[in-house]
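# Reading the structure
Next come the chains, spelled out residue by residue.
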Amino acid sequence: MPNASSWSASSPLLLLWEDSSGTRIFLSLLYAVLAISGTLSNVMVIYLVFSFKKLQTTSNAFIVNGCAADLSVCALWMPQEAVLGLLPPNSSSLRSAEYRLLRGGLLSLGLTVSLASHLLVAFNRYVLITKLPSVYQALYQRRHTGCMIGLSWALALLLVPLLPGLWTPGSAQQPPPRQTDGSSRYTALLLALAVLGQTALLLHCYLGIVRRVRGSAKRVSVLNFHLLHQLPFPAAPPPPRRAQRRLSSVSVLLLCCVFLLGTQPLVWVSLLGFFLRPAPPALQAASWLLLCSLSALNPLLYTWRSEEFRRAARSV
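Parameters and conventions
- Residues numbered from 1 in each chain as written.
- Predicted model: local features only at pLDDT ≥ 70, side-chain atom pairs only at ≥ 80, totals over all residues.
- Heavy atoms only, no water.
- Helix = DSSP H or I, 4+ residues; strand = E, 2+ residues; numbered from the N terminus.
- Buried < 20%, exposed > 50% of the residue type's maximum accessible area, 1.4 Å probe, protein only.
- Contact = heavy atoms within 4.5 Å.
- Areas by Shrake-Rupley, 256 points an atom, 1.4 Å probe, with all protein chains shown as cover.
- Phe/Tyr/Trp six-rings, centres within 6.5 Å; stacked < 30°, edge-to-face > 60°.
- UniProt positions renumbered as here; feature names shortened; annotations may be inferred.
- Core = buried A, V, L, I, M, F, W, Y, C linked by side-chain atoms within 4.5 Å.
- 1 Å grid on protein atoms, 1.4 Å probe; cavity = no way out; pocket = protein on both sides within 12 Å on 5 of 7 lines; lining within 4 Å.
- Points joined across faces, edges and corners; volume = space filled by probe spheres on them.
- Nonpolar A, V, L, I, M, F, W, Y, C, P; charged D, E, K, R; others polar.
- Axes fitted to C-alpha atoms, helices over the stretch in contact; angles between N-to-C directions.
- Parallel < 35°, antiparallel > 145°, perpendicular 65-115°, else oblique.
- Left-handed = near helix turned anticlockwise from the far one by under 90°.

For the chain, the helix and strand inventory stands at 12 helices and 0 strands. Reading the helices (α) and strands (β) of the chain from amino to carboxyl end gives α-α-α-α-α-α-α-α-α-α-α-α. Classification of the 316 residues of the chain by burial places 51% in the buried group. A sequence separation of at least 24 residues applies to 77% of the contacts in the chain between residues at least 6 apart. Taken as a whole, the chain presents about 15400 Å² of accessible surface, with 68% of it coming from carbon and sulfur.

Moving on, we get to the environment of Leu107. By secondary structure assignment, the location of Leu107 is in helix 5 (residues 97-130). For Leu107, a relative accessible area of 9% corresponds to the buried category. Sequence separation of Leu107 and Trp77 is 30 residues, and the distance between their C-alpha atoms is 6.2 Å. Those residues within four positions of Leu107 in sequence are excluded, and the remaining contacts are Val73, Trp77, Trp288 and Cys292.

Turning our attention to the packing of aromatic side chains. Across all of its chains, the model carries 4 aromatic pairs by this definition. Note on Phe62 and Tyr140: the rings are 6.0 Å apart at their centroids and 70° apart in plane angle, and the pair reads as edge-to-face. Of this pair, Phe62 sits in helix 3 (residues 58-84) while Tyr140 sits in the loop between helix 6 (133-139) and helix 7 (142-159), placing them 78 residues apart in sequence. Using a relative accessible area of 1% as the deciding quantity, one classes Phe62 as buried.

Mapped onto this structure's residue numbering, the UniProt feature "transmembrane region" (unreviewed entry) falls at residues 25-50, 62-80, 100-123, 144-167, 187-209, 250-276 and 282-304. Helix and strand shares over residues 187-209 are 100% and 0% respectively, and the end C-alpha atoms of the span are 33 Å apart.

A word on the nonpolar core. Nonpolar side chains in soluble globular proteins tend to end up buried together. Ranked by internal contacts, the top residues of the largest apolar core, which has 43 residues, are Phe62, Tyr206 and Tyr302. Where this core is concerned, the elements lending two or more residues are helix 2 (21-51), helix 3, helix 5, helix 7, helix 8 (178-215), helix 10 (241-275), helix 11 (281-303) and helix 12 (307-315). The leading source of residues in this core is helix 8, at 9 residues. Discounting chain neighbours no more than four positions away, the residues touching Tyr206 are Val121, Ala122, Arg125, Val252, Leu255, Cys256 and Tyr302. Ranked by size, the runner-up nonpolar core spans 18 residues in total, among them Ala35, Val73, Ala82 and Ala296.

Moving on, we get to empty space enclosed by the protein. Scanning the model with the defined rule gives 2 cavities of 30 Å³ or more in all. Looking at the largest cavity, its volume works out to about 70 Å³. Taken together, Phe62, Ile63, Gly66, Cys67, Asp70, Ser114, Ser117, His118, Val121, Asn298, Pro299 and Tyr302 make up the full set of residues lining the largest cavity. Those elements giving two or more residues to the lining of the largest cavity turn out to be helix 3, helix 5 and helix 11. Of the residues forming the lining of the largest cavity, the biggest block, 5 residues, is contributed by helix 3. Its residues assigned to classes, the lining of the largest cavity shows 6 nonpolar, 5 polar and 1 charged. Quantified by volume, the second largest cavity comes out at close to 40 Å³.

Interaxial distance between helix 2 and helix 3 falls to 8 Å at its minimum, and their mutual angle equals 155°. On the basis of the axis angle, helix 2 is roughly antiparallel to helix 3. The crossing of helix 2 and helix 3 is left-handed. Of the residues belonging to the contact of helix 2 with helix 3, the class tally is 21 nonpolar, 5 polar and 3 charged.

This is the structure we're talking about:
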């Protein structure tokens, strides 16, 4: 049996080779459902933003960037995992190091840009709510927005070769060499710390929004920005001030909870494996699945409270 540290590198479906066919079929179906729902939802959001002028805002530009990255996971990576899970373990496709490298690159590229887009959206909303309108307009000019989006992809392309498992193909019978295994452990640690830092910044932005909304609902109501319709707050009709503060806080906190549920299990599983002992393979698989499922849920997280998106979807 492969050891736990080389488990994700040598497995085609985030599974051990010894797992039963029933388990592999179940995960293949799960990947298929996530692939279909995630592809449809991401394509729908991209189509709505490009088709309706009211939705073409700076905040939505970052959301579309995240949807494009999520398509790399939902439309390109997940269908392959769903099919490979139905193949026998000795299939030549599963043994191909180049093919595993390609699949790992698609997954890493999509997840990295998606996580970066989460942070860009959070920071955009934080500046919009907590800073002066002149500061927001100066920071989020069209050229600056394009540079931010381009940097998210450039950063992902630089980090793809460093992510664990990509350069340690291994095989079904032979685990990777010991020195490569140690390198993957340190890379996994750096990845976990990077996601932890990104999560801290995202929570700082959203909790700052909650504090400002709870303390000054009047400031939010008088800002004459169409971007406010893209926040996870009710757009119209405005409820009473106390109810508005409560609903706004719940919406932001719900978004944060879903994001934490998707990212933090993998972070703490990686830290546990580095400092103490490797987590059980089933726990590692569950943490990866939660992270990957965010690619299918992200479009809903950012549009479910937007009246503009709902109106555009109804018109389509």
